[in-house]
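Chain and residue survey
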Amino acid sequence: MFIPAQSRKKIVAIKPITVPVGERAVPLQVKVTAPAEGRGLPVIVFSHGNAWSMDGYEPLVDRWAAAGFVVVQPTHLDSRRNGIGFDDPRFGTIWRVRIDDLHGVLDHLDAVLAEAGDLADRADRTSVALVGHSWGAQTVGALLGARVFDAQGAAGEDFSHGGAKAGVLIAATGTGDSLTPFAVEHLPFMRPDYSTMATPALVIAGDRDQSKMSTRGPDWFLDAFDLGPAPKRLLVVPGGEHTLGGIAGEAVSETTDADADRVALVADAVAAYLLDALDLDPGAWSSLRADTEAVEKAAFRHKD
């Protein structure tokens with residue numbers, strides 16, 4: 001794999017850290033995971049999928065931190081610990097609160113790092129990226145420049161944020177023209193317009209990811225790449241379903257395709273892409289791609 005086991009670092013995690021934001025049903029809290037040592041560390045702000053929290057996705061987060069990244073994980077309002085279901089009147093605006101959460105983390109990143117031990121001195125504030133899975137991927141896409149079509153097909157507000165130099169969308173929502181009746185009723189914001197998502201990004205999708213929110217097949221999760229402007233990279237993971245081997249956690253109920261090697265591929269692909277996109281290791285992505293193509297059938301595409 002891309003990062004040899006012997007080169008991985010010891011890591012530490014600090015939680016909870018409260019981020020000052022505007023009106024919110026509960027305080028915005030984050031977890032920070034980072035190498036125990038080292039300086040000039042790039043930063044990932046990670047947006048979780050529906051119902052998760054800052055305590056999920058350790059198979060990804062721990063591997064990124066061991067590879068030299070500081071990872072900041074907010075808990076969004078849709079986390080199951082907050083008990084806000086589809087029938088709650090607040091649910092209809094959570095997609096916007098999620099976007100506000102990421103803006104808040106980026107706007108207060110110095111304060112967050114200052115509360116996390118000595119990371120204010122060890123993190124590289126010029127090398128910041130956004131990563132998200134599922135609903136989190138659509139949330140991240142908004143900060144990278146994507147918009148949301150309304151019911152009449154008009155593109156909505158621009159939520160882009162210049163604080164991130166690159167992003168990664170894992171199992172990102174496709175376009176909204178094929179939503180199931182349930183999604184139309186409860187998740188009408190699942191109508192992204194990727195044509196304005198100009199920030200460099202990697203899109204990761206599983207070739208067996210069949211969403212219950214769309215009548216299309218796994219190709220639905222390629223829209224962020226197919227419709228987004230260059231520069232973009234795409235990795236299609238063979239055998240991958242929506243949790244891509246178990247990225248949300250070991251033996252969690254949502255995982256339908258448990259595979260530790262698949263999780264490692266996703267984690268290492270994100271790390272390699274960001275090291276390249278953030279100009280920290282320009283050969284990292286090409287090395288990961290060459291190593292992966294030599295042993296697996298993963299599909300890679302690019303737009304430059």
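As shown above, the structure is provided for reference.
Residues numbered from 1 in each chain as written. Predicted model: local features only at pLDDT ≥ 70, side-chain atom pairs only at ≥ 80, totals over all residues. Heavy atoms only, no water.

**Here's the deal with the packing of aromatic side chains**
For clarity, the cut-off: Two rings from Phe, Tyr or Trp (for Trp, the six-membered ring) form a pair when their centres sit within 6.5 Å of each other. Planes less than 30 degrees apart are called stacked, planes more than 60 degrees apart edge-to-face, and all others tilted. The helix count covers DSSP runs of H or I at least four residues long, the strand count covers runs of E at least two residues long, and both are numbered beginning at the N terminus. A 1.4 Å probe rolled over the protein chains alone gives each residue an accessible area, and that area as a share of the maximum for its type sets the label: buried under 20%, exposed over 50%, partly exposed in between.
Tallied over the entire structure, the rule returns 12 aromatic pairs. Between Trp135 and Phe189 the ring centres are 5.1 Å apart and the planes differ by 15°, which places this aromatic pair in the stacked class. Of this pair, Trp135 sits in helix H5 (residues 135-143) while Phe189 sits in the loop between helix H6 (181-186) and strand E8 (192-193), and the two are 54 residues apart along the sequence. Residue Phe189 is classed as buried on the basis of its relative accessible area of 4%. An angle of 70° between the planes, with centres 5.6 Å apart, marks the rings of Trp285 and Phe300 as edge-to-face.

**Describing the pattern of salt bridges**
Heads up, the condition is: Salt bridge criterion: a side-chain nitrogen from Lys or Arg within 4 Å of a carboxyl oxygen from Asp or Glu.
Across all of its chains, the model carries 19 salt bridges by this definition. The shortest N-O distance in the salt bridge between Asp226 and Arg301 comes to 3.0 Å. Separated by 75 residues along the polypeptide, Asp226 in helix H7 (residues 223-227) and Arg301 in strand E11 (residues 299-303) bring together distant segments of the chain. Under the relative-accessibility criterion, Asp226 is labelled partly exposed at 34%. A relative accessible area of 41% means that Arg301 is categorised as partly exposed. For Arg289, the salt bridge is made with Glu293, and the minimal N-O distance between the two is 3.3 Å. Separated by 4 residues within a single helix, Arg289 and Glu293 lie in helix H9 (residues 284-295), roughly one turn from each other. The class of Glu293 is partly exposed, set by a relative accessible area of 41%. Three or more residues joined by partner-sharing salt bridges are found here, namely Lys15, Asp55 and Arg81.

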